[in-house]
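The primary structure of each chain is shown beneath.
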Amino acid sequence: MDETTDECVYQTTDKWYDIEHVENVLANILSRVPVKSLLVCKSVCKRWRRLISSQAFIDVQLLWSQKNSVYIVYPYMDMMMKLYLVNNSGEITKSINFPYCNNLSLLTVVCSFDGLLCCINYPWKVDSGMVVEDVTDVEIRICNPVTKKALLLPRGSPSKEKPSIGVAFGPKINEYKIFRFFNAKRISLAKHQSRVNRRQCEVYSSSTGSWSVIGRVPYYPMHSSHSPLGSNHVFVNGKIYWFIASNEDPLIPGSILMADIEETFETINLPKEVTEHSYLVNLEGHLSLVAVYDEDEIVNIWILKDKNEPKWELKCSDHIPFSNDECVEFAVARENEIFFITSNHHYIYDPEHGFWQELDLSSISEKKFPVAFAYTESLLSCGGRMDPRMEYISDKRSI
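The model shown is predicted, which means the values in this text are computed figures rather than measured ones. (Residues numbered from 1 in each chain as written. Predicted model: local features only at pLDDT ≥ 70, side-chain atom pairs only at ≥ 80, totals over all residues. Heavy atoms only, no water.)

Asks: I keep staring at the overall build of the protein and nothing clicks. Help me out?
Replies: Counting secondary structure elements, the protein contains five helices and 26 strands. The buried share of the protein, reckoned over its 399 residues, is 51%. Partitioning the intrachain contacts of the protein with sequence separation of at least 6 by distance along the chain shows that 54% fall at a separation of at least 24. Of the roughly 19800 Å² of accessible surface on the protein, 50% is carried by carbon and sulfur atoms. (Helix = DSSP H or I, 4+ residues; strand = E, 2+ residues; numbered from the N terminus. Buried < 20%, exposed > 50% of the residue type's maximum accessible area, 1.4 Å probe, protein only. Contact = heavy atoms within 4.5 Å. Areas by Shrake-Rupley, 256 points an atom, 1.4 Å probe, with all protein chains shown as cover.)

Next comes the structure, spelled out in C-alpha coordinates:
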(Lines give C-alpha, C1' and ligand atoms only; values in the text may rest on other atoms or scores of the structure.)
Protein backbone atom coordinates (compact mmCIF):
# COMPACT_ATOMS: atom_id res chain seq x y z
CA MET A 1 0.00 0.00 0.00
CA ASP A 2 2.83 2.36 0.85
CA GLU A 3 4.63 1.59 -2.39
CA THR A 4 1.48 2.34 -4.40
CA THR A 5 1.00 5.67 -2.58
CA ASP A 6 4.61 6.65 -3.15
CA GLU A 7 4.29 5.79 -6.83
CA CYS A 8 1.14 7.97 -7.18
CA VAL A 9 2.85 10.88 -5.47
CA TYR A 10 5.87 10.50 -7.71
CA GLN A 11 3.76 10.39 -10.88
CA THR A 12 1.68 13.41 -9.82
CA THR A 13 4.81 15.41 -8.95
CA ASP A 14 6.44 14.38 -12.20
CA LYS A 15 3.42 15.53 -14.24
CA TRP A 16 3.32 18.88 -12.41
CA TYR A 17 7.05 19.29 -13.09
CA ASP A 18 6.32 18.86 -16.81
CA ILE A 19 3.50 21.42 -16.67
CA GLU A 20 5.57 23.88 -14.66
CA HIS A 21 8.33 23.82 -17.25
CA VAL A 22 5.96 24.61 -20.12
CA GLU A 23 5.87 28.37 -19.49
CA ASN A 24 2.76 29.07 -21.57
CA VAL A 25 0.71 26.44 -19.72
CA LEU A 26 1.85 27.64 -16.29
CA ALA A 27 1.24 31.28 -17.22
CA ASN A 28 -2.24 30.38 -18.48
CA ILE A 29 -3.07 28.69 -15.18
CA LEU A 30 -1.64 31.40 -12.93
CA SER A 31 -3.24 34.24 -14.94
CA ARG A 32 -6.62 33.11 -13.59
CA VAL A 33 -5.49 33.37 -9.96
CA PRO A 34 -6.55 36.49 -7.99
CA VAL A 35 -3.83 39.15 -7.77
CA LYS A 36 -3.63 38.90 -3.97
CA SER A 37 -2.84 35.18 -4.31
CA LEU A 38 -0.37 35.85 -7.12
CA LEU A 39 1.63 38.10 -4.80
CA VAL A 40 1.93 35.12 -2.43
CA CYS A 41 2.78 32.77 -5.33
CA LYS A 42 5.85 34.89 -6.11
CA SER A 43 7.41 33.43 -2.95
CA VAL A 44 7.03 29.80 -4.11
CA CYS A 45 10.25 29.71 -6.13
CA LYS A 46 12.48 31.83 -8.33
CA ARG A 47 10.88 30.50 -11.51
CA TRP A 48 7.41 31.54 -10.40
CA ARG A 49 8.64 34.92 -9.19
CA ARG A 50 10.38 35.61 -12.49
CA LEU A 51 7.31 34.53 -14.47
CA ILE A 52 4.75 36.53 -12.43
CA SER A 53 6.99 39.61 -12.49
CA SER A 54 7.46 39.56 -16.28
CA GLN A 55 5.65 42.11 -18.42
CA ALA A 56 4.37 39.33 -20.69
CA PHE A 57 2.61 37.62 -17.77
CA ILE A 58 1.27 40.94 -16.43
CA ASP A 59 -0.29 41.58 -19.85
CA VAL A 60 -1.82 38.07 -20.02
CA GLN A 61 -3.23 38.35 -16.50
CA LEU A 62 -4.80 41.71 -17.38
CA LEU A 63 -6.51 40.32 -20.50
CA TRP A 64 -8.06 37.54 -18.42
CA SER A 65 -9.05 39.88 -15.60
CA GLN A 66 -10.74 42.32 -18.00
CA LYS A 67 -13.36 39.65 -18.70
CA ASN A 68 -14.42 39.84 -15.06
CA SER A 69 -14.60 43.56 -14.37
CA VAL A 70 -16.54 44.90 -11.36
CA TYR A 71 -17.30 48.30 -9.84
CA ILE A 72 -14.99 49.98 -7.37
CA VAL A 73 -16.87 52.39 -5.07
CA TYR A 74 -15.33 55.13 -2.94
CA PRO A 75 -18.34 56.44 -0.99
CA TYR A 76 -16.78 58.78 1.55
CA MET A 77 -13.99 61.21 0.69
CA ASP A 78 -11.52 61.03 3.56
CA MET A 79 -7.82 61.05 4.43
CA MET A 80 -7.89 57.24 4.70
CA MET A 81 -9.35 55.68 1.58
CA LYS A 82 -11.76 52.77 1.98
CA LEU A 83 -12.83 51.21 -1.30
CA TYR A 84 -15.52 48.61 -2.00
CA LEU A 85 -15.67 46.12 -4.87
CA VAL A 86 -19.21 45.46 -6.14
CA ASN A 87 -19.79 42.45 -8.43
CA ASN A 88 -22.27 41.87 -11.28
CA SER A 89 -24.99 40.88 -8.81
CA GLY A 90 -24.67 44.18 -6.98
CA GLU A 91 -23.03 42.63 -3.92
CA ILE A 92 -19.96 43.89 -2.06
CA THR A 93 -17.28 41.23 -2.44
CA LYS A 94 -14.32 42.98 -0.86
CA SER A 95 -13.26 46.15 0.92
CA ILE A 96 -9.80 47.64 0.45
CA ASN A 97 -8.07 50.09 2.77
CA PHE A 98 -5.23 52.42 1.83
CA PRO A 99 -3.50 52.66 5.24
CA TYR A 100 -0.12 53.63 3.80
CA CYS A 101 -1.20 57.12 2.72
CA ASN A 102 -0.26 59.17 5.77
CA ASN A 103 -0.44 62.87 6.57
CA LEU A 104 -2.57 63.66 3.53
CA SER A 105 -5.54 65.96 3.09
CA LEU A 106 -8.85 64.54 1.82
CA LEU A 107 -8.31 62.15 -1.10
CA THR A 108 -10.58 61.57 -4.07
CA VAL A 109 -10.39 59.13 -6.98
CA VAL A 110 -10.77 60.68 -10.45
CA CYS A 111 -10.45 57.64 -12.74
CA SER A 112 -9.81 53.90 -12.99
CA PHE A 113 -8.22 51.98 -15.85
CA ASP A 114 -6.74 48.46 -16.06
CA GLY A 115 -6.45 48.16 -12.27
CA LEU A 116 -4.82 51.55 -11.69
CA LEU A 117 -6.50 54.47 -9.92
CA CYS A 118 -5.62 58.13 -10.19
CA CYS A 119 -6.04 59.84 -6.81
CA ILE A 120 -5.68 63.53 -6.04
CA ASN A 121 -5.63 65.70 -2.94
CA TYR A 122 -4.64 69.22 -1.95
CA PRO A 123 -1.07 69.51 -0.58
CA TRP A 124 -0.41 71.19 2.75
CA LYS A 125 1.17 74.63 3.04
CA VAL A 126 2.01 77.07 5.83
CA ASP A 127 -0.02 80.28 5.74
CA SER A 128 0.32 82.88 8.52
CA GLY A 129 1.77 80.23 10.80
CA MET A 130 -1.11 77.83 10.14
CA VAL A 131 -0.93 74.56 8.20
CA VAL A 132 -3.72 74.68 5.58
CA GLU A 133 -4.65 73.08 2.28
CA ASP A 134 -3.16 74.66 -0.82
CA VAL A 135 -6.23 74.80 -3.09
CA THR A 136 -4.17 76.16 -6.03
CA ASP A 137 -2.41 72.81 -6.47
CA VAL A 138 -3.12 69.08 -6.32
CA GLU A 139 -0.95 66.10 -5.49
CA ILE A 140 -1.47 63.35 -8.05
CA ARG A 141 -0.90 59.68 -7.32
CA ILE A 142 -1.24 56.63 -9.53
CA CYS A 143 -2.23 53.73 -7.26
CA ASN A 144 -2.73 49.99 -7.56
CA PRO A 145 -5.06 49.15 -4.64
CA VAL A 146 -4.42 45.38 -4.80
CA THR A 147 -0.61 45.42 -4.91
CA LYS A 148 -0.66 48.29 -2.36
CA LYS A 149 1.67 50.38 -4.52
CA ALA A 150 1.41 54.08 -5.34
CA LEU A 151 3.49 56.62 -7.21
CA LEU A 152 3.47 60.31 -6.31
CA LEU A 153 3.98 62.36 -9.47
CA PRO A 154 6.32 65.37 -9.59
CA ARG A 155 4.73 68.71 -8.82
CA GLY A 156 3.35 70.61 -11.80
CA SER A 157 3.67 74.29 -12.70
CA PRO A 158 2.54 76.92 -10.15
CA SER A 159 -1.08 77.95 -10.57
CA LYS A 160 -3.16 80.90 -9.40
CA GLU A 161 -6.36 78.85 -9.18
CA LYS A 162 -7.52 75.28 -8.68
CA PRO A 163 -6.06 73.05 -11.43
CA SER A 164 -8.02 70.38 -13.27
CA ILE A 165 -6.71 67.09 -14.65
CA GLY A 166 -7.59 64.24 -17.00
CA VAL A 167 -5.88 60.91 -17.59
CA ALA A 168 -5.39 59.20 -20.98
CA PHE A 169 -4.15 55.61 -21.21
CA GLY A 170 -2.19 54.04 -24.06
CA PRO A 171 -1.21 53.42 -26.72
CA LYS A 172 0.52 50.46 -25.03
CA ILE A 173 -0.69 48.67 -21.90
CA ASN A 174 0.34 50.62 -18.80
CA GLU A 175 1.32 53.79 -20.62
CA TYR A 176 -0.51 56.96 -19.68
CA LYS A 177 -0.54 60.73 -19.96
CA ILE A 178 -1.99 63.17 -17.44
CA PHE A 179 -3.31 66.49 -18.72
CA ARG A 180 -3.15 69.25 -16.10
CA PHE A 181 -4.89 72.59 -16.70
CA PHE A 182 -3.62 75.50 -14.63
CA ASN A 183 -3.68 79.30 -14.43
CA ALA A 184 -0.06 80.33 -14.94
CA LYS A 185 1.39 82.68 -12.34
CA ARG A 186 4.11 83.95 -14.65
CA ILE A 187 4.04 84.33 -18.42
CA SER A 188 6.59 86.44 -20.25
CA LEU A 189 5.17 89.74 -21.48
CA ALA A 190 1.87 88.84 -19.86
CA LYS A 191 1.58 91.27 -16.98
CA HIS A 192 -1.69 92.66 -18.24
CA GLN A 193 -3.17 89.45 -19.63
CA SER A 194 -6.57 88.33 -18.41
CA ARG A 195 -7.05 85.22 -16.30
CA VAL A 196 -8.44 83.38 -19.35
CA ASN A 197 -5.31 84.11 -21.40
CA ARG A 198 -3.15 82.75 -18.60
CA ARG A 199 -4.84 79.35 -18.65
CA GLN A 200 -2.48 76.69 -19.90
CA CYS A 201 -2.11 72.93 -20.07
CA GLU A 202 0.83 70.65 -19.36
CA VAL A 203 1.18 66.90 -19.82
CA TYR A 204 2.87 64.27 -17.68
CA SER A 205 4.01 61.18 -19.59
CA SER A 206 4.71 57.84 -17.91
CA SER A 207 7.32 57.25 -20.63
CA THR A 208 9.44 60.26 -19.62
CA GLY A 209 8.42 60.64 -15.97
CA SER A 210 8.19 64.43 -16.34
CA TRP A 211 5.86 67.30 -17.26
CA SER A 212 5.93 69.24 -20.54
CA VAL A 213 3.95 72.46 -21.08
CA ILE A 214 1.71 72.53 -24.16
CA GLY A 215 0.83 76.20 -23.78
CA ARG A 216 -2.40 78.17 -23.80
CA VAL A 217 -5.68 76.33 -24.24
CA PRO A 218 -8.94 77.81 -25.56
CA TYR A 219 -11.11 76.28 -22.83
CA TYR A 220 -10.83 75.14 -19.23
CA PRO A 221 -12.70 72.10 -17.83
CA MET A 222 -15.56 73.11 -15.55
CA HIS A 223 -15.49 72.37 -11.82
CA SER A 224 -18.37 70.17 -10.73
CA SER A 225 -20.32 70.69 -7.53
CA HIS A 226 -20.23 66.89 -7.12
CA SER A 227 -16.43 66.91 -6.85
CA PRO A 228 -14.78 69.61 -4.70
CA LEU A 229 -11.38 68.85 -6.27
CA GLY A 230 -12.82 69.00 -9.80
CA SER A 231 -11.33 66.91 -12.61
CA ASN A 232 -14.48 65.02 -13.65
CA HIS A 233 -13.70 63.43 -17.01
CA VAL A 234 -13.99 60.21 -19.00
CA PHE A 235 -11.53 58.38 -21.27
CA VAL A 236 -12.98 56.68 -24.36
CA ASN A 237 -11.09 55.13 -27.29
CA GLY A 238 -7.90 57.13 -26.89
CA LYS A 239 -9.56 60.45 -26.08
CA ILE A 240 -10.37 62.37 -22.87
CA TYR A 241 -13.57 64.36 -22.48
CA TRP A 242 -14.48 67.10 -19.98
CA PHE A 243 -17.49 69.38 -19.65
CA ILE A 244 -17.02 73.09 -20.39
CA ALA A 245 -19.23 75.36 -18.28
CA SER A 246 -22.00 77.28 -20.00
CA ASN A 247 -21.76 81.05 -20.23
CA GLU A 248 -24.95 81.47 -18.19
CA ASP A 249 -24.21 79.13 -15.26
CA PRO A 250 -20.75 77.86 -14.21
CA LEU A 251 -22.33 74.73 -12.67
CA ILE A 252 -24.16 73.61 -15.83
CA PRO A 253 -22.31 72.13 -18.84
CA GLY A 254 -22.43 74.13 -22.07
CA SER A 255 -20.21 72.00 -24.32
CA ILE A 256 -17.49 69.31 -24.22
CA LEU A 257 -13.70 69.63 -24.44
CA MET A 258 -11.83 66.74 -26.08
CA ALA A 259 -8.10 65.94 -26.07
CA ASP A 260 -6.45 62.94 -27.72
CA ILE A 261 -3.24 61.09 -26.87
CA GLU A 262 -1.41 63.25 -29.43
CA GLU A 263 -2.32 66.32 -27.35
CA THR A 264 -4.67 67.98 -29.84
CA PHE A 265 -7.87 69.67 -28.63
CA GLU A 266 -11.39 70.02 -30.04
CA THR A 267 -14.80 71.03 -28.75
CA ILE A 268 -18.08 69.14 -29.17
CA ASN A 269 -21.57 70.59 -28.89
CA LEU A 270 -24.10 68.99 -26.55
CA PRO A 271 -27.24 67.47 -28.12
CA LYS A 272 -29.55 69.73 -26.09
CA GLU A 273 -29.65 71.73 -22.88
CA VAL A 274 -28.62 69.65 -19.87
CA THR A 275 -28.72 70.04 -16.11
CA GLU A 276 -26.26 70.22 -13.26
CA HIS A 277 -26.80 66.47 -12.79
CA SER A 278 -25.13 65.48 -16.05
CA TYR A 279 -22.30 63.00 -16.54
CA LEU A 280 -20.01 61.80 -19.33
CA VAL A 281 -19.57 58.01 -19.39
CA ASN A 282 -18.10 55.27 -21.57
CA LEU A 283 -21.15 53.21 -22.62
CA GLU A 284 -20.56 50.30 -25.01
CA GLY A 285 -17.27 51.85 -26.11
CA HIS A 286 -18.85 55.20 -27.05
CA LEU A 287 -18.81 58.61 -25.39
CA SER A 288 -22.22 58.95 -23.79
CA LEU A 289 -24.08 61.72 -22.00
CA VAL A 290 -26.28 60.95 -18.99
CA ALA A 291 -28.55 63.88 -18.07
CA VAL A 292 -30.99 63.72 -15.16
CA TYR A 293 -33.86 66.22 -15.21
CA ASP A 294 -35.05 66.46 -11.61
CA GLU A 295 -38.29 68.36 -12.23
CA ASP A 296 -39.53 65.85 -14.80
CA GLU A 297 -37.94 62.87 -12.98
CA ILE A 298 -36.48 61.71 -16.30
CA VAL A 299 -33.03 60.59 -17.42
CA ASN A 300 -31.90 61.00 -21.03
CA ILE A 301 -28.98 58.95 -22.33
CA TRP A 302 -27.25 60.09 -25.52
CA ILE A 303 -24.51 58.26 -27.45
CA LEU A 304 -22.00 60.04 -29.71
CA LYS A 305 -21.68 58.12 -32.95
CA ASP A 306 -18.37 58.99 -34.57
CA LYS A 307 -18.27 57.40 -38.04
CA ASN A 308 -17.76 60.13 -40.62
CA GLU A 309 -18.62 63.04 -38.32
CA PRO A 310 -19.73 63.23 -34.67
CA LYS A 311 -23.48 62.84 -34.24
CA TRP A 312 -25.52 62.45 -31.06
CA GLU A 313 -28.21 59.77 -30.93
CA LEU A 314 -30.76 59.52 -28.13
CA LYS A 315 -30.42 55.94 -26.86
CA CYS A 316 -33.25 56.15 -24.35
CA SER A 317 -35.37 58.42 -22.18
CA ASP A 318 -36.76 56.87 -19.02
CA HIS A 319 -38.36 57.78 -15.70
CA ILE A 320 -36.08 57.59 -12.69
CA PRO A 321 -37.15 55.34 -9.76
CA PHE A 322 -36.51 58.00 -7.12
CA SER A 323 -38.12 61.32 -6.25
CA ASN A 324 -36.85 64.65 -7.53
CA ASP A 325 -35.70 65.67 -4.03
CA GLU A 326 -33.11 62.87 -4.12
CA CYS A 327 -29.94 64.12 -5.80
CA VAL A 328 -27.88 62.04 -8.25
CA GLU A 329 -24.36 62.33 -6.89
CA PHE A 330 -22.46 60.23 -9.43
CA ALA A 331 -22.96 58.07 -12.53
CA VAL A 332 -20.57 55.73 -14.33
CA ALA A 333 -20.95 53.08 -17.03
CA ARG A 334 -19.55 49.57 -17.34
CA GLU A 335 -20.03 47.83 -20.68
CA ASN A 336 -23.79 48.24 -21.40
CA GLU A 337 -25.08 49.36 -17.98
CA ILE A 338 -24.95 52.50 -15.83
CA PHE A 339 -24.29 52.69 -12.09
CA PHE A 340 -26.09 55.54 -10.30
CA ILE A 341 -25.29 56.81 -6.82
CA THR A 342 -28.01 59.01 -5.31
CA SER A 343 -28.32 60.66 -1.92
CA ASN A 344 -29.90 57.54 -0.42
CA HIS A 345 -29.63 54.70 -2.92
CA HIS A 346 -27.49 52.79 -5.43
CA TYR A 347 -28.91 51.60 -8.75
CA ILE A 348 -27.73 49.72 -11.84
CA TYR A 349 -29.65 50.70 -14.96
CA ASP A 350 -29.92 48.66 -18.16
CA PRO A 351 -30.77 51.21 -20.89
CA GLU A 352 -31.41 48.49 -23.48
CA HIS A 353 -34.34 47.04 -21.53
CA GLY A 354 -35.21 50.02 -19.32
CA PHE A 355 -34.64 48.00 -16.15
CA TRP A 356 -33.57 49.53 -12.81
CA GLN A 357 -31.95 47.31 -10.16
CA GLU A 358 -31.74 48.76 -6.67
CA LEU A 359 -28.67 47.51 -4.81
CA ASP A 360 -28.54 46.63 -1.14
CA LEU A 361 -25.19 48.12 -0.14
CA SER A 362 -25.94 48.37 3.57
CA SER A 363 -22.21 48.34 4.38
CA ILE A 364 -21.97 51.78 2.80
CA SER A 365 -23.76 53.83 5.44
CA GLU A 366 -22.26 57.28 4.80
CA LYS A 367 -21.56 59.25 1.64
CA LYS A 368 -19.41 62.30 1.06
CA PHE A 369 -18.74 63.16 -2.59
CA PRO A 370 -19.01 59.47 -3.60
CA VAL A 371 -17.51 58.13 -6.83
CA ALA A 372 -17.52 54.75 -8.59
CA PHE A 373 -15.69 53.32 -11.58
CA ALA A 374 -15.44 50.15 -13.63
CA TYR A 375 -12.50 48.20 -12.23
CA THR A 376 -10.40 45.14 -12.99
CA GLU A 377 -7.61 43.74 -10.80
CA SER A 378 -4.12 43.80 -12.27
CA LEU A 379 -0.41 43.61 -11.48
CA LEU A 380 0.37 46.75 -13.48
CA SER A 381 3.12 49.00 -12.24
CA CYS A 382 2.12 52.51 -11.20
CA GLY A 383 4.97 54.13 -13.09
CA GLY A 384 4.60 52.58 -16.56
CA ARG A 385 5.75 49.46 -18.39
CA MET A 386 8.45 47.73 -16.33
CA ASP A 387 9.41 51.07 -14.83
CA PRO A 388 12.69 50.68 -12.92
CA ARG A 389 11.79 53.58 -10.63
CA MET A 390 10.77 52.60 -7.14
CA GLU A 391 7.08 53.03 -6.47
CA TYR A 392 6.57 54.92 -3.29
CA ILE A 393 4.45 57.22 -1.22
CA SER A 394 6.67 60.24 -0.71
CA ASP A 395 6.45 62.42 2.36
CA LYS A 396 8.90 65.01 1.11
CA ARG A 397 6.07 67.39 0.28
CA SER A 398 4.23 66.82 3.54
CA ILE A 399 4.46 69.29 6.39
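Asks: Help me understand the side chain of Ser65 in this model?
Replies: Inspection of the secondary structure assignment puts Ser65 in helix H5 (residues 55–65). Looking at Ser65, the relative accessible area reads 10%, which means it is buried. With sequence-adjacent residues up to four places away left out, Ser65 is seen in contact with Thr376 and Glu377.

Asks: Mind showing me how you'd approach the pairing of strand S11 (residues 176–183) here?
Replies: Side-chain direction in a regular strand flips from residue to residue, so the side chains alternate between the two faces of the sheet. Counting buried positions over the eight residues of S11 gives eight, a clear majority of the element. Burial of S11 is two-sided: the residues Tyr176, Ile178, Arg180 and Phe182 facing one way and the residues Lys177, Phe179, Phe181 and Asn183 facing the other way are all buried. As judged from the six bridges shared by strand S10 (residues 164–169) and S11, these two strands associate in the antiparallel manner. Bridge pairing in S11 links Ala168 to Lys177. (Pairing = 2+ DSSP bridges.)

Asks: Please explain the nonpolar core as it appears in this structure.
Replies: Among soluble globular proteins, nonpolar side chains are generally buried collectively. In terms of nonpolar packing, the biggest core is built from 100 residues, with Val109, Ile140, Ile178, Phe179, Phe339 and Phe340 touching the most fellow members. Beyond its immediate stretch of four places on either side in the chain, Val109 contacts Tyr74, Met81, Leu83, Leu117, Cys118, Cys119, Val371 and Phe373. Grouped together as the second largest cluster of nonpolar side chains are 18 residues, Phe243, Met258, Tyr293 and Trp312 included. (Core = buried A, V, L, I, M, F, W, Y, C linked by side-chain atoms within 4.5 Å.)

Asks: Would you mind going over the environment of Glu202 with me for this structure?
Replies: Within the secondary structure layout, Glu202 lies in strand S12 (residues 199–205). The buried category is assigned to Glu202, whose relative accessible area is 2%. Linking Glu202 and Phe182, residues 20 residues apart in sequence, is a C-alpha distance of 8.1 Å. Each residue touching Glu202, except ones within four places of it in the same chain, is listed here: Gly156, Ser157, Ile178, Phe179, Arg180, Phe182, Trp211, Ser212, Val213 and Ile214. In terms of polar contacts, Glu202 uses its side chain to reach the side chain of Ser157, at 2.7 Å. (Polar contact = N/O pair within 3.5 Å; in protein donor to acceptor, adjacent residues only side chain to side chain.)

Asks: What's the story with the sheet that holds strand S13 (residues 210–216) in this structure? I'm lost.
Replies: Hydrogen bonds between backbone groups are what pair the strands of a sheet, and the pairing can be parallel or antiparallel. Pairing in this open sheet of four strands is antiparallel, and the strands run S10-S11-S12-S13 from one edge to the other. Each edge of the open sheet is held by one strand with a lone partner, namely S10 and S13. The sheet shows a mean angle of 20 degrees between the axes of neighbouring strands, direction not considered. Both S12 and S13 contribute to a ladder of six bridges, which runs antiparallel. Each bridged residue has a counterpart across the sheet, and for Cys201 the counterpart in S13 is Gly215. (Axes fitted to C-alpha atoms, helices over the stretch in contact; angles between N-to-C directions.)

Asks: Any chance you could explain the packing of helix H4 (residues 46–53) against H5 here in plain terms?
Replies: Between two packed helices, what matters for the description is the angle formed by their axes and the separation of those axes. As a packed pair, H4 and H5 sit with axes 5 Å apart at the nearest point and diverge in direction by 65 degrees. It follows from the interaxial angle that H4 and H5 lie roughly perpendicular. Residues Leu51, Ile52 and Ser53 of H4 form the contact with H5, whose own contacting residues are Gln55, Phe57 and Ile58. When its residues are assigned to classes, the contact of H4 with H5 shows four nonpolar, two polar and no charged. (Parallel < 35°, antiparallel > 145°, perpendicular 65-115°, else oblique. Nonpolar A, V, L, I, M, F, W, Y, C, P; charged D, E, K, R; others polar.)

Asks: Help me understand unusual backbone geometry, please; the structure alone is not making it clear to me.
Replies: Residue Gly170 is joined to Pro171 through a cis peptide bond whose omega torsion reads 5 degrees. Locating Pro171 in the fold gives a position in the loop between S10 and S11. At Glu263, a residue that is not glycine, the phi angle is positive and equals roughly 70 degrees. Tracing the backbone through its elements, the reader meets Glu263 in the loop between strand S16 (253–260) and strand S17 (265–269). At Glu284, a position not held by glycine, the phi torsion is positive, near 55 degrees. Summarising the element assignment, Glu284 is placed in the loop between strand S18 (278–283) and strand S19 (286–293).

Asks: So what exactly am I meant to see when it comes to H4 here?
Replies: Helical periodicity: at 3.6 residues per turn, an α-helix aligns residues three or four positions apart in one direction. Buried within H4 are the following residues: Trp48, Leu51 and Ile52. Along the axis of H4, the buried residues cluster in a sector spanning 90 degrees; they form a single face. Away from the buried face of H4 by more than 90 degrees, exposed residues Lys46 and Arg50 are located. (Arc of directions from axis to C-beta.)

Asks: How should I be thinking about the packing of aromatic side chains in this particular structure?
Replies: Each aromatic ring pair is summarised here by two numbers: the centre-to-centre distance and the angle between the ring planes. Under the defined criterion, the tally for this structure stands at 19 aromatic pairs. Each ring, one from Phe181 and one from Trp242, has its centre 5.0 Å from the other, and the planes form 85 degrees; the classification is edge-to-face. On the criterion of sequence distance, the pair formed by Phe181 in strand S11 and Trp242 in strand S15 (residues 239–245) is long-range, its members being 61 residues apart. Accessibility assignment for this pair places Phe181 and Trp242 in one class, buried. According to the relative accessible area criterion, Phe181 is buried, its value standing at 0%. The rings of Phe113, Phe169, Tyr176, Tyr204, Trp211 and Phe235 are connected pair by pair, giving a single aromatic cluster. Lying across the ring of Trp64, Arg32 places its NZ or CZ 3.8 Å from the centre. (Phe/Tyr/Trp six-rings, centres within 6.5 Å; stacked < 30°, edge-to-face > 60°. Lys NZ or Arg CZ within 6 Å of the ring centre and 35° of its normal.)

Asks: Mind showing me how you'd approach the sheet that holds strand S25 (residues 355–358) here?
Replies: Strand order in the open sheet formed by four strands is S22-S23-S24-S25, and the pairing between neighbours is antiparallel. Looking at the sheet topology across the chains shown, the edges are occupied by strand S22 (328–334) and S25. Strand-to-strand twist across the sheet, computed as the mean angle between neighbouring axes with direction ignored, equals 20 degrees. For strand S23 (residues 337–342) and strand S24 (residues 346–350), the ladder comprises four bridges, and the chain directions are antiparallel.

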